[in-house]
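Single-letter residue listing:
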Amino acid sequence: MTEHRVPESVGAMPLPRYLARAWPLLPGWALRQAVKKRDIRLNGLRWDGAAPVRGGDILALFLPDKYLTGPLEVLYRDEDFLGVVKPPALPVDADAQGIGADTLLERARRIEPGARLCHRLDAGTGGAMLLALNDRAQARLDAAFRAHQVRKTYQAVVQGAPPSHGELTHYLVKDAAAARVRALDRPAPQAQQARLRYAVLAYGDQRALVQIQLLTGRTHQIRVQMAKIGHPLLGDDKYGDRAFNKRWKAKEPLLWCVALEWENIALNAPAPFGWKEEN
């Protein structure tokens, strides 16, 4: 049994929706089964199937722990830093409403209670991440990211057949309300320059496997820039082709941080795309 207090900032919402946001890797069938069997207590009473949850409520979930959280693969560990592999679909931290019982940060703090974030990956993106374990380490790593001293390499599967290599420069405008980013060809007010280099590793059936070196770090940068040149990421419904994604049964953007390098730390996390090069 897991007991959980709903953050005070949460307004009334249906219980299944809250559970799906708080535990994003909870299998859908397990959630449906828990709801059907009423294996959930709300403020000490068996949930009636209709009552909403709101800030301050206490939930008791009679579900195996393996469905509510999981381990992290550790790539590096010393007294200052922790390198791990972030699973896809797992947010790095709680969302704007404070919802996030299962996040990368929560899992990392089960390994090292002092773990704190210095960079982020989109929820759907997996791969290598480096966390600081104390104030001194956080200050150093924060400064390194601001100075673009941390080298991050990604792999992605994109739609179509882009040129074999290239360097992209765009100017990104963030719409926080819509949770979207637009890529412009020229500078504009409030637009941030975004630069990356890419090289195609393999071509396939209307797809390509590309390796990407970020030269700047912006929200949704890889997804937006590749979509801007007509080669959106496979699985990216926000900026890409939903029909194409459905054909390939891709529900999340196929994007993975395969390497992170800084000073004497080198994290390597091979992408799990299972790409098969076609002749």
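Relevant structure appears above.
Definitions and cut-offs
- Residues numbered from 1 in each chain as written.
- Predicted model: local features only at pLDDT ≥ 70, side-chain atom pairs only at ≥ 80, totals over all residues.
- Heavy atoms only, no water.
- Helix = DSSP H or I, 4+ residues; strand = E, 2+ residues; numbered from the N terminus.
- Rg over C-alpha atoms; globule rule 2.2 N^0.38 Å.
- Buried < 20%, exposed > 50% of the residue type's maximum accessible area, 1.4 Å probe, protein only.
- Contact = heavy atoms within 4.5 Å.
- Areas by Shrake-Rupley, 256 points an atom, 1.4 Å probe, with all protein chains shown as cover.
- Lys, Arg positive; Asp, Glu negative; His and termini not counted.
- Charge placed at Lys NZ, Arg CZ, Asp CG, Glu CD.
- Salt bridge = Lys/Arg side-chain N within 4 Å of Asp/Glu carboxyl O.
- Expected span 1.5 Å × (residues − 1).
- Arc of directions from axis to C-beta.
- Polar contact = N/O pair within 3.5 Å; in protein donor to acceptor, adjacent residues only side chain to side chain.
- Core = buried A, V, L, I, M, F, W, Y, C linked by side-chain atoms within 4.5 Å.
- Pairing = 2+ DSSP bridges.
- Phe/Tyr/Trp six-rings, centres within 6.5 Å; stacked < 30°, edge-to-face > 60°.
- Lys NZ or Arg CZ within 6 Å of the ring centre and 35° of its normal.

Details of the overall build of the protein
Broken down by element type, the protein carries 6 helices and 14 strands. Over its C-alpha atoms the protein spans a radius of gyration of 20 Å, differing by no more than 12% from the 19 Å that the globule rule assigns to 279 residues. By principal-axis analysis of the C-alpha atoms, the protein measures approximately 60 × 45 × 45 Å. Residue burial in the protein is summarised as follows: out of 279 residues, 44% are buried. Residue pairs in contact within the protein that sit at least 24 positions apart in sequence constitute 63% of those at least 6 positions apart. Carbon together with sulfur atoms contributes 48% to the accessible area of the protein, which is approximately 14,300 Å² in total. When the 40 basic and 30 acidic side-chain charges of the protein are each reduced to a single mean position, those positions are 5 Å apart.

Remarks on the pattern of salt bridges
The final tally for this structure, using the stated rule, is 14 salt bridges. Here Asp102 ties to Arg107 by a salt bridge, and the two come within 2.9 Å at their closest N and O atoms. Taken together, the shared-partner salt bridges connect Asp122, Arg223 and Asp236 into one network.

Regarding helix H4 (residues 135-146)
With 12 residues, H4 should reach 16 Å at 1.5 Å per residue; the first-to-last C-alpha distance of 16 Å fits that figure. Inspection of H4 places Ala137, Leu141, Ala144 and Phe145 among the buried residues, and these make up the whole buried set. Angularly, the buried residues of H4 cover 95 degrees about the axis, an arc narrow enough to put them on a single face. Of the exposed residues in H4, those oriented more than 90 degrees away from the buried face are Asp135 and Arg146. For H4, the N-terminal cap is Asn134; the gap from its side-chain oxygen to the backbone nitrogen of Arg136 is 3.3 Å. At the exit of H4 stands His148, carrying a positive phi of roughly 55 degrees.

Topic: the nonpolar core
In a soluble, globular protein the nonpolar side chains are often hidden away together inside. One finds Leu104 and Ile222 to be the most contacted residues of the largest nonpolar core, which totals 49 residues. For Ile222, the residues in contact, after removing those within four places along its chain, are Tyr154, Leu196, Ile212, Leu214, Leu233 and Leu255. Grouped together as the second largest cluster of nonpolar side chains are 22 residues, Ala30, Leu31, Val53 and Leu61 included.

Describing unusual backbone geometry
Where the residue is not glycine, phi is negative for most of them; where a peptide bond is considered, it is trans in most cases. Within the chain, Ala89 stands out as a residue other than glycine whose phi angle is a positive 80 degrees. Along the chain, Ala89 turns up in the loop between strand E6 (81-86) and helix H3 (104-111). Its identity is not glycine, yet Glu263 carries a phi of approximately 50 degrees, on the positive side. With respect to the helices and strands, Glu263 occurs in the loop between strand E13 (255-262) and strand E14 (265-268). The exposure class of Glu263 is exposed, given its relative accessible area of 59%.

Focus on the pairing of strand E7 (residues 126-132)
E7 sits mainly inside the fold: 7 of its 7 residues count as buried. Across 6 bridges, the pairing between E6 and E7 is antiparallel. Looking at the pairing, Val85 lines up with Ala128 of E7. Bridge count for E7 against E13 is 2 bridges, and the pairing is parallel. Of the residues in E13, the one forming a bridge with Gly126 is Trp256.

Here we look at the packing of aromatic side chains
Applying the stated criterion to the full structure yields 3 aromatic pairs. Between Trp29 and Tyr67, the ring centres sit 5.3 Å apart and the planes meet at 80 degrees, which makes this aromatic pair edge-to-face. Separated by 38 residues along the polypeptide, Trp29 in helix H2 (residues 28-37) and Tyr67 in the loop between strand E4 (58-61) and strand E5 (73-77) bring together distant segments of the chain. For Tyr67, a relative accessible area of 21% translates into the label partly exposed. Ring centres of Phe244 and Trp248 lie 6.3 Å apart, and the angle between their planes is 55 degrees; on these two criteria the pair is classed as tilted. Judged by relative accessible area, which is 7%, Phe244 ranks as buried. When the ring centre of Trp248 is taken as reference, the NZ or CZ atom of Arg207 above it lies at 4.0 Å.

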